[in-house]
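Fold and geometry: a report
So you can see what is in the structure, the chains are spelled out below.
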Amino acid sequence: TTYHSIEIPLRMQCVLASSEQFELYALAGGSAEKCVAGAPSNSFSAEPVRLAVQGGLGVRYRLSDRLAFFAEPTLSHHFSTDSANSSLRTERSNNFNLLCGLRVNY
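For clarity, every value in this text was computed on a predicted model and none was experimentally measured.

Section: the pairing of strand S1 (residues 4-18)
Note: S1 against strand S2 (residues 22-37), 14 bridges, orientation antiparallel. Bridged to Gln 13 within S2 is Leu 27. What sits between the antiparallel neighbours S1 and S2 is a turn of three residues.

Things to note about the environment of Leu 98
Looking at where Leu 98 falls in the secondary structure, it is placed in strand S5 (residues 94-104). A residue is classified by how much of its surface remains accessible, and Leu 98, at 53% relative accessible area, is exposed. Put simply, Leu 98 and Gly 56 are 42 residues apart on the chain and 9.7 Å apart in space, counted from C-alpha to C-alpha. Beyond its immediate sequence surroundings of up to four residues, Leu 98 is in contact with Glu 72 and Pro 73.

Considerations on the confidence of the model for the chain
In the predicted model, the chain carries a mean pLDDT of 88, and 84% of its residues have values of at least 70. The least confident element of the chain, judged by mean pLDDT, is helix H1 (residues 88-91) at 67; the most confident is strand S4 (residues 67-78) at 96.

Focus on the environment of Gly 56
Examined against the element boundaries, Gly 56 turns out to sit in strand S3 (residues 50-62). In this structure Gly 56 comes out as partly exposed when scored by relative accessible area, which is 21%. C-alpha of Gly 56 to C-alpha of Leu 75: the two residues are 19 residues apart in sequence and 6.1 Å apart in space. What Gly 56 contacts, discounting residues up to four positions off in sequence, is Tyr 25, Ala 26, Leu 27, Pro 73 and Thr 74.

Comments concerning the pattern of salt bridges
For side chains bearing opposite charge, pairing can occur when the charged atoms are close. Tallied over the entire structure, the rule returns three salt bridges. Arg 11 is the salt-bridge partner of Glu 72, the closest N and O atoms lying 3.2 Å from each other. Taken together, the positions of Glu 72 in strand S4 and Arg 11 in strand S1 put the pair 61 residues apart, joining distant regions of the chain. Relative accessible area serves as the criterion here: at 2%, Glu 72 is assigned to the buried category. The residue Glu 23 makes a salt bridge to Arg 60 at a minimum N-O spacing of 3.5 Å. Taken together, the residues span a long stretch of sequence, with Glu 23 in strand S2 and Arg 60 in strand S3 at a distance of 37 residues. The exposure class assigned to Glu 23 is buried, which follows from its relative accessible area of 15%.

Cut-offs applied
- Residue positions are counted from 1 within each chain, in the order its sequence is given.
- In keeping with the predicted nature of the model, local features appear solely for residues at pLDDT of at least 70, side-chain atom pairs appear and are counted solely at 80 or more, and the whole-chain, interface and lining totals rest on all residues.
- Water and hydrogen atoms were dropped before computing side-chain values, which therefore reflect all heavy atoms in the structure.
- If DSSP finds at least two bridges between two strands, the strands pair.
- Comment: elements are numbered from the N terminus, with helices defined as DSSP H or I runs of at least four residues and strands as E runs of at least two.
- To sort residues, take the accessible area from a 1.4 Å probe on protein chains only and compare it with the maximum for the residue type: under 20% means buried, over 50% means exposed, and anything in between is partly exposed.
- Whether two residues are in contact is decided by their heavy atoms, any of which lying within 4.5 Å being enough.
- Every residue gets a pLDDT, meaning the predictor's confidence in that residue, from 0 to 100.
- For this document, the term salt bridge refers to a Lys or Arg side-chain nitrogen within 4 Å of an Asp or Glu carboxyl oxygen.

Written out as structure tokens, the structure reads:
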């Protein structure tokens, strides 16, 4: 079964240490997700809103005035619900993610 959902994330970050080339920051946030299609019933009683929290650290290394490399290891936890339908998030509620990439500043 394929489920379609809408998720609203919220994330904040706080700089812990910084210099001209380097920045270390903490991340905290959460999300609310609602199934909108695919379940036998998408009502709030059958498919409640799924909540999650997230936290981690980030590091940014400035390569130039406009380009920086970043890495953000984060842990997230998806809370269980009363939904009769299971998903990967109910089977594996704790996740580790590592986002890496380049940031371009204008």
